[in-house]
Amino acid sequence: MMPDIKLEVPADTSNLINNSSNATTQPSNPLSRKLNKILETRLDNDKEMLEALKALSAFFSENSLRTRRNLRGDIERRSLAINEEFVRIFKDVKEELESMHEDVQAMSSCCEDMTNRLKAAKEQTQDLTAKTTKLQGENHQLEVRAQVARAFLAKFQLSSEEMSTLRGGRDTAVTEDFFKALTRVKHIHDDVKILLRTNQQTAGLEIMEQMALLQETSYEQLYRWAQNECRGLTQETCDITPVLSQAMEALQDRPVLFKYTLDEFGTARRCAVVRGFIDALTRGGPGGTPRPIEMHSHDPMR
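Please read these numbers as outputs of a predicted model, since none were measured by experiment.

Peer 1: It is not clear to me how the overall build of the chain should be interpreted in this structure. Could you clarify?
Peer 2: When its secondary structure is counted, the chain shows 10 helices and zero strands. Across the chain, helices and strands are ordered from the amino to the carboxyl terminus as α-α-α-α-α-α-α-α-α-α. Within the span of the chain, comprising 302 residues, buried residues form 19% of the whole. Here the contacts in the chain between residues at least 6 apart in sequence split such that 58% fall between residues at least 24 apart. Entry remark: accessible area of the chain is about 23,600 Å², with carbon and sulfur atoms responsible for 56%.

Structure (structure tokens):
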């Protein structure tokens, strides 16, 4: 509910109204038309007028001739004060906005500088990235080649332990490892023929020549060892070790060396048999029992 607004009408205005009522028959009077328009106005429907009156009631406390005459000046001074306050506040706002604008400009300059640096760094690192990618590709290719080389060496080359086993000295004993290494040499010599059917014929020929030379050296060493072992078989009981049997089997790949080894074995066994016969003929058994054969030479039945 809006408060009731009461306006006091001056005496001269009342007289004017009375005179105007008498002059209602004169519709051409401008003053009567304005008064009629004011009196016919309904304030309940005019929100702008109500707001203006409410604002006016905030500082228009005394209804007198002097205050009514000075109302226009008071309203203008109040409006001027309000505008000055508005200008002052907006001046502060303007200063804050200018300060903010300067900060934004500084941030924009900083961001632009950072963007330029990032572009320069990107241009510099593009070359480095390309080189890194290229080196990574080359590194991968080298790793693949290294794997291929390791696989090639593992298949077509002997290890250092196998080489030292096959290249032992004259007095080096032949063990099971020697035959394993010799078997591996045979397999490499057979497998290297695959390389002769490819573009690696030079490497194949070199490996084949190396393995062939190594085979001959190994068989020569095995022959000398087997020969020495056979020379030691001069006892009556022939105890042949498994390693000597394996050596005889391996030497069958070299018929000439195998024949010489068998001749040496036969000679050793012949000597052992002859010596055993002479001992049986002249000495008899251990402790003289049985008696020597010569002791029964006079007996034709024996």
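From this point, things continue past the structure.
Peer 1: Teacher, can you tell me more about the packing of aromatic side chains here?
Peer 2: Where two aromatic rings form a pair, the distance of their centres and the angle of their planes describe that pair. With the rule as written, the count across this model stands at four aromatic pairs. Here Phe152 and Phe156 contribute two aromatic rings whose centre-to-centre distance is 4.9 Å and whose plane-to-plane angle is 45 degrees, an arrangement assigned as tilted. One end of the pair is Phe152 and the other is Phe156, both in helix H5 (residues 71–156) and four residues apart, which spans about a single turn. With relative accessibility at 28%, the residue Phe152 sits in the partly exposed group. By relative accessible area, Phe156 is classed as buried at 6%.

Peer 1: I would appreciate a short explanation of a nonpolar patch on the surface in the present structure.
Peer 2: Together, Phe86, Val87, Ile89, Phe90, Val93, Leu97, Met100 and Val104 make up an exposed nonpolar region whose accessible area comes to about 740 Å². Looking at the secondary structure, you find Leu97 in helix H5.

Peer 1: Explain the nonpolar core here, please?
Peer 2: In a soluble, globular protein the nonpolar side chains are often hidden away together inside. Counting 31 residues, the largest nonpolar core has Leu166, Leu222 and Leu251 as the members making the most contacts within it. With 10 residues, helix H8 (residues 201–231) is the single largest residue contributor to this core. Leaving out residues up to four positions away in the same chain, Leu222 has contacts with Val174, Phe178, Phe179, Leu182, Ala247, Ala250 and Leu251.

Peer 1: How do you make sense of the packing of H8 against helix H10 (residues 255–282) when you look at a structure like this?
Peer 2: A pair of packed helices is characterised by two quantities: the angle between their axes and the separation of those axes. Here H8 crosses H10 at 10 degrees, and the two axes come no closer than 8 Å. In terms of axis orientation, H8 runs roughly parallel to H10. Only Leu257, Tyr260, Thr261, Glu264, Phe265 and Ala268 of H10 make contact with H8, whose side of the interface consists of Tyr219, Glu220, Tyr223, Ala226, Gln227, Cys230 and Arg231. For the contact of H8 with H10, the class distribution of residues is eight nonpolar, two polar and three charged.

Parameters at a glance
Residues numbered from 1 in each chain as written. Predicted model: local features only at pLDDT ≥ 70, side-chain atom pairs only at ≥ 80, totals over all residues. Heavy atoms only, no water. Helix = DSSP H or I, 4+ residues; strand = E, 2+ residues; numbered from the N terminus. Buried < 20%, exposed > 50% of the residue type's maximum accessible area, 1.4 Å probe, protein only. Contact = heavy atoms within 4.5 Å. Areas by Shrake-Rupley, 256 points an atom, 1.4 Å probe, with all protein chains shown as cover. Phe/Tyr/Trp six-rings, centres within 6.5 Å; stacked < 30°, edge-to-face > 60°. Patch = residues over 30% accessible without salt bridge, like charges linked within 9 Å, V, L, I, M, F, W, Y side chains within 5 Å. Salt bridge = Lys/Arg side-chain N within 4 Å of Asp/Glu carboxyl O. Core = buried A, V, L, I, M, F, W, Y, C linked by side-chain atoms within 4.5 Å. Axes fitted to C-alpha atoms, helices over the stretch in contact; angles between N-to-C directions. Parallel < 35°, antiparallel > 145°, perpendicular 65-115°, else oblique. Nonpolar A, V, L, I, M, F, W, Y, C, P; charged D, E, K, R; others polar.

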